[in-house]
Amino acid sequence: MEQYDLLYRLYEDSEAETLRELQNFVDLFPPVDSRIALDYWQDASDELEERKDEIRSSFAAGETFAEVAARATRDQTFAALDLHSKYGRAVNALVLDVDETLRSAGRTDNEIPRDTLHLLTEFHESGVPIVICTGQTLENVKGFTIQGLGNELVHSGTVSIVYEAGTGVFTPGHGSTTKQLLYEELDEAVREVFSEVRSRVLPQAPDDLRESVHLQGNEFNITLKPNFDIGSDPAAEVIDRGLRYLVDLLGRAVAAAVGGVDADSGEEWSRAYYAAADPEVADVLAAEGAAPEAEADDVPEAVTALFDRIDVAYYHADAAEIGSLELNKPNGVRAALDVLDVEDPFVLVMGDSKSDLRVMEWAEEADAGIAAAPEHASEDVLAHVRDTDELVYDRGDAASMLRIAYVLNLLDGI
């Protein structure tokens, strides 16, 4: 209660809103070659320090409290205090999805906002490793990460990229463990199925589908993307057709790999298995006139054993994908944290999709962190986040969650 009372007095007695405005101005002021602009920045910086000095002299933990008031709103600070009361730990790594988590096509023009990027830099400077965890290809995510955070930070040895939802891990500056190709650890049967599907997915696609989709440039996963704006009606239509096609193609490849079974039944078995596993897949197959006539229990045991290791993922109007269930974001995150030498992780996981949910569930089960999600995340993700710490934020406002975590770490240092 003493810390609660002190923080309450901090926000009552100081002009915290003005302090935050000054801090944001000083932090985010763009580099310009203007004497007048630089003088304006210097005046703001001087006023910021004067206001912080007033707080420093008013509290025993004045340095920390000055930073708290300059970085976070009252609500964000008390959310951080509640988290510290519950867990008693600081966040020692960030695990961050990118699309619709750090950036949003609908709110931030698909760019990571400057305040979010600056806060990531602040975490880096305080010694907190950053794990970017995404379904995107390595080259794509490397490009915008370097563009946003800078080449020096990305190659500092404290940043790792889990790409293609756990297919590989890239951690610059770590010698032989800089790039880990986790898919190479899969056995031959699974790799053969993926090789078969990849070799046939575009050449054997119906003409109208082949002209409307493209393969994402993955190292291992097989991802169909629309040749239309993501989220549009044409994209939704073609991805639904693409999902049906992928499910059928996978069924034939698995039946061929197993051998000794009726390969022509592979499509029906695949439809039955994946419709039973995922209601969204079931709905799409039904809408595409491909609802399974068999039951999942009808699938031969040897075929089921392979299906159990292969994931079919559907992202409405965005992508249809085949991946390995043994290569997932939690496994990739654990590999990244191991390279980063985070021995006793307590991470902030931020994400919006089913693959991110798996990381959140791992963090909860292992007592290894907390989870946050944007308000437009999938229902399963939102249910998990609301049931744990209720860290739900507005679209495009990932910075608010980073501020809470930053204050949590400041409070832990008192």
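For the structure, see preceding data.
Residues numbered from 1 in each chain as written. Predicted model: local features only at pLDDT ≥ 70, side-chain atom pairs only at ≥ 80, totals over all residues. Heavy atoms only, no water.

Q: Outline the overall build of the protein chain, supporting the account with residue identities and numerical values.
A: Within the protein chain, the secondary structure is distributed over 18 helices and twelve strands. Counting only C-alpha atoms, the protein chain reaches 80 × 45 × 45 Å along its principal axes. Among the 414 residues that make up the protein chain, the fraction classed as buried is 52%. Sequence-distant contacts in the protein chain: of pairs separated by 6 or more residues, those separated by 24 or more amount to 66%. (Helix = DSSP H or I, 4+ residues; strand = E, 2+ residues; numbered from the N terminus. Buried < 20%, exposed > 50% of the residue type's maximum accessible area, 1.4 Å probe, protein only. Contact = heavy atoms within 4.5 Å.)

Q: Give a description of the sheet that holds strand S11 (residues 369-374) that names residues and reports values.
A: Here we have eight strands laid out as an open sheet, ordered S5-S4-S3-S2-S1-S10-S11-S12, and mixed in their pairing. Two strands bound the open sheet, and with one partner strand each, they are strand S5 (179-181) and strand S12 (392-393). Sheet analysis places strand S1 (residues 93-96) next to strand S2 (residues 130-133), joined by three bridges and oriented parallel. Paired with Leu 94 across the strands is Ile 130, a residue of S2. (Pairing = 2+ DSSP bridges.)

Q: Any chance you could break down the pattern of salt bridges for me, citing the residues and the numbers?
A: Scanning all chains against the criterion turns up 33 salt bridges. With a closest N to O distance of 2.8 Å, Asp 27 and Arg 71 form a salt bridge. With Asp 27 in helix H2 (residues 16-28) and Arg 71 in helix H4 (residues 62-71), this pair connects stretches of sequence that are 44 residues apart. Through salt bridges with shared partners, a single ionic network connects Asp 27, Lys 52, Glu 67, Arg 71 and Glu 122. (Salt bridge = Lys/Arg side-chain N within 4 Å of Asp/Glu carboxyl O.)

Q: Account for the sheet that holds strand S9 (residues 319-324), with residues named and values stated.
A: If you trace the four strands from one edge of the open sheet to the other, you get S6-S7-S9-S8, paired in antiparallel fashion. At either margin of the open sheet sits one strand with a lone partner, and together these are strand S6 (213-215) and strand S8 (310-315). Looking at each pair of strands side by side, their axes are set apart by 20° on average, direction ignored. Across three bridges, strand S7 (residues 222-226) lies against S9 in antiparallel orientation. Note that in S9 the partner of Ile 222 across the bridge is Ile 322. (Axes fitted to C-alpha atoms, helices over the stretch in contact; angles between N-to-C directions.)

Q: Requested: an account of the side chain of Thr 304, with residues and values cited.
A: Looking at the secondary structure, you find Thr 304 in helix H14 (residues 301-307). Its relative accessible area of 19% is what places Thr 304 among the buried residues. When near neighbours in sequence (up to four residues on either side) are disregarded, Thr 304 contacts Tyr 273 and Val 299.

Q: Tell me what's going on with the pairing of S7, and back it up with residues and numbers.
A: Of all five residues that make up S7, five are buried, and the element is covered over most of its length. What you see with S7 is no split at all: Ile 222, Leu 224 and Pro 226 on one side and Thr 223 and Lys 225 on the other are buried throughout. Strand direction decides the pairing type here: S6 and S7, joined by three bridges, are antiparallel. Following the sheet pairing, Leu 215 is matched in S7 by Leu 224.

Q: Which residues make up the packing of aromatic side chains, and what values do they have?
A: Taken as a whole and judged by the stated rule, the model has eleven aromatic pairs. Ring centres of Phe 25 and Tyr 40 lie 5.3 Å apart, and the angle between their planes is 65°; on these two criteria the pair is classed as edge-to-face. Here Tyr 40 lies in helix H3 (residues 35-56) and Phe 25 lies in helix H2, a separation of 15 residues in the sequence. Residue classification places Tyr 40 among the exposed positions, given a relative accessible area of 56%. Both rings, one in Tyr 273 and one in Tyr 274, keep their centres 4.8 Å apart while their planes meet at 75°; by these two values the pair is edge-to-face. What makes Tyr 273 buried here is its relative accessible area of 15%. (Phe/Tyr/Trp six-rings, centres within 6.5 Å; stacked < 30°, edge-to-face > 60°.)

Q: Describe the packing of helix H12 (residues 266-277) against helix H13 (residues 279-287), with residues and values.
A: Where H12 meets H13, the closest approach of the two axes is 5 Å, and the angle between their N-to-C directions is 130°. By the angle between their directions, the pair H12 and H13 is classed as oblique. Along its contact with H12, which presents Arg 271, Tyr 274, Ala 275 and Ala 277, the element H13 presents Pro 279, Val 281, Ala 282 and Leu 285. When the residues that make up the contact of H12 with H13 are grouped by side-chain class, the tally is seven nonpolar, no polar and one charged. (Parallel < 35°, antiparallel > 145°, perpendicular 65-115°, else oblique. Nonpolar A, V, L, I, M, F, W, Y, C, P; charged D, E, K, R; others polar.)

Q: Residues and numbers for the pairing of S1, please.
A: Covered by surrounding structure in S1 are Ala 93 and Val 95 together with Leu 94 and Leu 96, the residues of both alternating faces. In the sheet, S1 pairs with strand S10 (residues 347-350) via four bridges, with the strands oriented parallel. By the bridge assignment, Leu 96 is partnered in S10 with Met 350.

Q: An account of the environment of Leu 7 is requested, with residue identities and associated values reported.
A: Along the chain, the position of Leu 7 falls in helix H1 (residues 2-13). Residues contacting Leu 7, with those up to four places away along its chain left out, are Phe 65, Val 68, Thr 77, Phe 78, Leu 81 and Leu 411.

Q: Tell me about the packing of H2 against H3, residues and numbers included.
A: Their axes nearest at 9 Å, the elements H2 and H3 cross at an angle of 140°. Relative to H3, the element H2 lies oblique. Between H2 and H3 lies a crossing whose hand is left-handed. Residues Thr 18, Leu 19, Leu 22, Gln 23, Phe 25 and Val 26 of H2 form the contact with H3, whose own contacting residues are Tyr 40, Trp 41, Ala 44, Ser 45, Glu 47, Leu 48, Arg 51, Lys 52 and Ile 55. Looking at the contact of H2 with H3 residue by residue, the classes come out as nine nonpolar, three polar and three charged. (Left-handed = near helix turned anticlockwise from the far one by under 90°.)

Q: Any chance you could break down the side chain of Gln 136 for me, citing the residues and the numbers?
A: Relative to the helices and strands, Gln 136 is located in the loop between S2 and helix H7 (138-149). With relative accessibility at 9%, the residue Gln 136 sits in the buried group. Sequence-distant contacts of Gln 136, defined by excluding residues within four places in its chain, comprise Asp 99, Arg 103, Phe 144, Tyr 163, Glu 164 and Gln 216.

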